[in-house]
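Geometric and topological summary
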Amino acid sequence: GAEMEGTLFDEAFELLKMIDQDLLHEFEKDLWELDKRKIIFGSKRVSVMDCIADDGQPARLLLHNAEPQMVQTAIPIGEIGASPAFPEMASLRG
């Protein structure tokens, strides 16, 4: 809200620890219902979110928390919350 305006991200991250878990769950529910975004992973520096893209297809986003409005990477996925499918790779040991 407006009372957080001007707060540095590191300060806001520390304040997050004091928020009631039920309120955080409600936020996550609203995030999906209003923005079609679901938090998959979060750390102090980055977040991974699944979303429904403008074309209606599911996508996974990588966001730097200091600038969450700027998506760093977006890849199409089969469904929201899906485990990543990694292609089989050749051994690095030869």
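Each chain has its residues counted from 1, following the order in which its sequence is written. Local features in this predicted model are restricted to residues whose pLDDT is 70 or higher, and side-chain atom pairs enter the listing and the counts only when it is 80 or higher, whereas totals over whole chains, interfaces and linings include all residues. Side-chain metrics rest on all non-hydrogen atoms present in the structure, leaving aside hydrogens and water.

1. Section: helix α2 (residues 21-35)
To be explicit about the condition: The helix and strand labels rest on DSSP assignments: H or I over at least four residues marks a helix, E over at least two residues marks a strand, and numbering proceeds from the N terminus. Each residue after the first adds 1.5 Å to the expected span of a helix.
Look at α2: 20 Å from first C-alpha to last across 15 residues, which is about the 21 Å you get at 1.5 Å a residue. Lys-36 sits one or two residues past α2 and shows a positive phi near 55 degrees.

2. Quick look at the environment of Ala-82
Here is the rule: Residue contacts are counted whenever heavy atoms from the two residues lie within 4.5 Å of one another.
Locating Ala-82 in the fold gives a position in the segment after β4 (71-76). For the pair Ala-82 and Arg-60, spaced 22 residues apart in the sequence, the C-alpha separation amounts to 9.4 Å. Excluding residues within four positions of it along the chain, Ala-82 makes contact with Asp-50 and Arg-60.

3. Some thoughts on the pairing of β4
Our working definition: At least two bridges found by DSSP between two strands is the condition for calling them paired.
Sheet analysis places strand β3 (residues 58-64) next to β4, joined by 5 bridges and oriented antiparallel. Bridge pairing in β4 places Leu-62 opposite Thr-73. The turn linking β3 back onto β4 is made up of 6 residues.

4. Overview of the sheet that holds strand β1 (residues 37-42)
Keep this limit in mind: Axes here mean lines fitted to C-alpha atoms, for a helix over just the part in contact, with angles spanning 0 to 180 degrees between N-to-C directions.
Strands sit in the order β1-β2-β3-β4 across an open sheet of 4 strands; the sheet is antiparallel. Both edges of this open sheet fall to β1 and β4, since each of them pairs with a single strand only. The sheet shows a mean angle of 25 degrees between the axes of neighbouring strands, taken without regard to direction. As judged from the 5 bridges shared by β1 and strand β2 (residues 46-52), these two strands associate in the antiparallel manner. Bridge pairing links Ile-39 to Met-49 in β2. Lying on the sheet, α2 is in contact with β1 and β2; it crosses β1 at an angle near 135 degrees.

5. Regarding the pairing of β3
This is how it is decided: Throughout this description, buried means an accessible area under 20% of the type-specific maximum (1.4 Å probe, protein chains only), exposed means over 50%, and partly exposed covers the range between.
For β3, a buried count of 5 out of 7 residues is recorded, marking the element as mostly surrounded by other parts of the structure. Counting the residues that bridge the hairpin from β2 to β3 gives 5 residues, and of these Gly-56 lies at a positive phi of roughly 90 degrees.

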